[in-house]
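Now for the letters of each chain:
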Amino acid sequence: MDDLALRLAIGDLNAAYADCIDDDRLEDWPDFFVENCRYLITDRQSHEAGLRHGIIYAASKGMLTDRVMAMRKANIFEPHRYRHIVGPPQIGRVADGIAVRIMHNGDSQLFATGRYLDKIAVVEVPFRFVERLVILDSRKVDTLLVLPL
Amino acid sequence: MDDLALRLAIGDLNAAYADCIDDDRLEDWPDFFVENCRYLITDRQSHEAGLRHGIIYAASKGMLTDRVMAMRKANIFEPHRYRHIVGPPQIGRVADGIAVRIMHNGDSQLFATGRYLDKIAVVEVPFRFVERLVILDSRKVDTLLVLPL
Amino acid sequence: MDDLALRLAIGDLNAAYADCIDDDRLEDWPDFFVENCRYLITDRQSHEAGLRHGIIYAASKGMLTDRVMAMRKANIFEPHRYRHIVGPPQIGRVADGIAVRIMHNGDSQLFATGRYLDKIAVVEVPFRFVERLVILDSRKVDTLLVLPL
């Protein structure tokens, strides 16, 4: 698989991932990861300081599934959706992105900006994330961070 | 035409379409559509409910032209421009996008986010829209929605 | 080099340029330009009126380097970062983009939207800008415009 085909395939993976969340098909979200995955949402300063904890942390696909189930059961948060805009991926680099949050009342806000720093298993199709670090630009994260990014 | 060439050509179409509106060349806008086109701006919930009306609706290229002429003549709205940011297209899927509105006084606001759901005639160059559904994420649409999206 | 390879290479150039600024590696920023370059940040109306001055103006790589040194020494502005989201380039056209500003306190704001209008030397790798015009959509520019765009 040449560089161009790889880029396109990773671009498609990112688009499918964003769609899954933006379309509220959260039950499908863990399938974007391998079993022994790592998923972390953190901020730039914590990441640069080498801190390995984060706002959301999961060390296996099972933990991602648990998280979705908890979200669906608890469901005490104000309904909201995201709209992800993800830039083109760069092999050996990262994809930049913006997430806009649309509240149930219709208000839209610029919610978060940052980077995906990924390790992706590309030996099999579909590609899956071995690690996805979501590095937010800002430390000030809304307490309403319930949906994955 | 292979898949990659098709993607690039549709990406170019989306870019030219956005430029046309963002550059205020609205008279050229209907040319992006075939004669028997359908253009609809609606919101996600109405779309999912199968409602076929929308905030803006046109069932032919002539209706698009009429709309532009009415806009130019009436011209009672506060001058504004858009800046579209449209993600890469996916064949069999949709392009996500953000529109930022820049008011005459210089204020910029995140105006709308959503998806283009398109049917495109690709047998002839330039490609033209047979149907373009603009599915906004939010129901709360500013009454100032005068320009097409 | 065919059209597709050229697009990808220019997309990579834009991504590397944005990363350089967003990662606060400003000392590397002048290296994206040839010696006899022109760099200008202006607004759409001034640009259309043919005015050749701008909010920020440099007529050589040396002036860009001076600017970075002045920024680092003065350093009296409130710390902030940008997050650039740049659309795909079009040969013979321009790339659209959004910049989000993240303040030291964590606040994120939609900061600027506009276009890059570039002349790029592509005979050697890495590509370098002969001219980069940053055409902002809005005339209302925050006085805090210290970082390059």
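Above this text you will find the structure in question.
Predicted model, so just to flag it, every value in this text is computed and none were measured.

About the thresholds
Residues numbered from 1 in each chain as written. Chains lettered and ligands numbered in written order. Predicted model: local features only at pLDDT ≥ 70, side-chain atom pairs only at ≥ 80, totals over all residues. Heavy atoms only, no water. Least-squares fit on C-alpha atoms with pLDDT ≥ 70 in both. Contact = heavy atoms within 4.5 Å. Pairing = 2+ DSSP bridges. Helix = DSSP H or I, 4+ residues; strand = E, 2+ residues; numbered from the N terminus. Axes fitted to C-alpha atoms, helices over the stretch in contact; angles between N-to-C directions. Buried < 20%, exposed > 50% of the residue type's maximum accessible area, 1.4 Å probe, protein only. Polar contact = N/O pair within 3.5 Å; in protein donor to acceptor, adjacent residues only side chain to side chain. Buried area = accessible area lost by both parts, 1.4 Å probe. Salt bridge = Lys/Arg side-chain N within 4 Å of Asp/Glu carboxyl O.

**So, the relation of the copies chain C and chain B**
Between the two copies of the chain lies a relationship made up of a rotation around an axis and a movement along it.
Next, step 1: Between the two copies, chain C and chain B, the superposition gives an RMSD of 0.0 Å; the rotation angle is 120 degrees and the shift along the axis is 0.0 Å. Taken together, the rotation and translation relating the two chain copies correspond to the operation of a three-fold axis.
Next, step 2: Of the interface residues in chain C, just 20% have counterparts in chain B that sit at the interface too, so the contact is made through distinct surfaces.

**Description of the sheet that holds strand β3 (residues 80-86) of chain B**
Residue and element names in this part refer to chain B.
Next, step 1: One open sheet holds the six strands; their spatial order is β2-β1-β6-β5-β4-β3, and the pairing between them is mixed. On the outer flanks of this sheet lie β2 (56-58) and β3, each paired with one strand and no other. Averaged over all pairs of adjacent strands, the angle between their axes in this sheet comes to 25 degrees, without regard to strand direction.
Next, step 2: By the bridge criterion, eight bridges tie strand β4 (residues 95-103) to strand β5 (residues 108-121) in an arrangement that is antiparallel. Note on β5: the bridge partner recorded for R101 is Q109.
Next, step 3: With respect to the sheet, helix α1 (residues 3-22) is in contact with β1 (33-43), β3, β4, β5 and β6 (128-136), its orientation differing from that of β3 by roughly 165 degrees.

**Let's talk about the environment of D23(C)**
Next, step 1: For D23(C), the location among the structural elements is in the loop between α1 (3-22) and β1 (33-43).
Next, step 2: According to the relative accessible area criterion, D23(C) is partly exposed, its value standing at 29%.
Next, step 3: As for D23(C) and R81(C), which are separated by 58 residues in sequence, their C-alpha atoms are 8.0 Å apart.
Next, step 4: When near neighbours in sequence (up to four residues on either side) are disregarded, D23(C) contacts R115(A) and R81(C).
Next, step 5: A polar contact of 2.9 Å, which involves the side chain of D23(C), links it to the side chain of R115(A).

**Comments concerning the interface of chain B and chain A**
Next, step 1: With 15 residues of chain B at the contact, the number on the chain A side is 20 residues.
Next, step 2: Both faces considered, chain B and chain A share a buried interface measuring about 1600 Å² in area, 49% of it formed by carbon and sulfur atoms.
Next, step 3: Of the charged contacts, one joins R115(B) and D23(A) as a salt bridge, the two residues approaching to 2.9 Å between their closest N and O atoms.
Next, step 4: When residues of the side of chain B that touches chain A are traced back to their parent elements, those giving at least two are α1, β4 and β5 of chain B.
Next, step 5: If you tally residues by element for the side of chain B that touches chain A, the top one is β5(B), at four residues.

**Thoughts on the environment of L6(A)**
Next, step 1: Among the structural elements, L6(A) can be located in helix α1 (residues 3-22).
Next, step 2: By relative accessible area, which is 19% here, L6(A) ends up buried.

**Side note on the relation of the copies chain B and chain A**
Next, step 1: The two copies are related by a screw motion: chain B maps onto chain A through a turn of 120 degrees and a shift of 0.0 Å along the axis, at an RMSD of 0.0 Å.
Next, step 2: Different-surface contact between copies: only 20% of interface residues of chain B are shared with the interface of chain A.

**Side note on the sheet that holds strand β5 (residues 108-121) of chain A**
Residue and element names in this part refer to chain A.
Next, step 1: The strand order β2-β1-β6-β5-β4-β3 describes an open sheet built from six strands, whose pairing is mixed. Looking at the sheet topology across the chains shown, the edges are occupied by β2 (56-58) and β3 (80-86). Between one strand axis and the next, the sheet turns through 25 degrees on average, direction left out of account.
Next, step 2: For strand β1 (residues 33-43) and β2, the ladder comprises three bridges, and the chain directions are antiparallel. Along β2, the bridge assignment pairs I41 with I56.
Next, step 3: Sitting on the sheet, α1 is in contact with β1, β3, β4 (95-103), β5 and β6 (128-136), with an inclination near 165 degrees to β3.

**With respect to the interface of chain C and chain B**
Next, step 1: Between chain C and chain B, the contact holds 15 residues from the first and 20 residues from the second.
Next, step 2: A buried area of about 1600 Å², summed over both sides, lies between chain C and chain B, and 49% of it is on carbon and sulfur atoms.
Next, step 3: The interface formed by chain C and chain B includes four salt bridges.
Next, step 4: The salt bridge partner of R115(C) is D19(B), with a shortest N-O separation of 2.6 Å.
Next, step 5: Counting across the chain C and chain B interface gives four residue pairs in polar contact (both at pLDDT 80 or more).
Next, step 6: Elements that contribute at least two residues to the side of chain C that touches chain B include exactly α1, β4 (95-103) and β5 (108-121) of chain C.
Next, step 7: Element by element, the count of residues in the side of chain C that touches chain B is highest for β5(C), at four residues.

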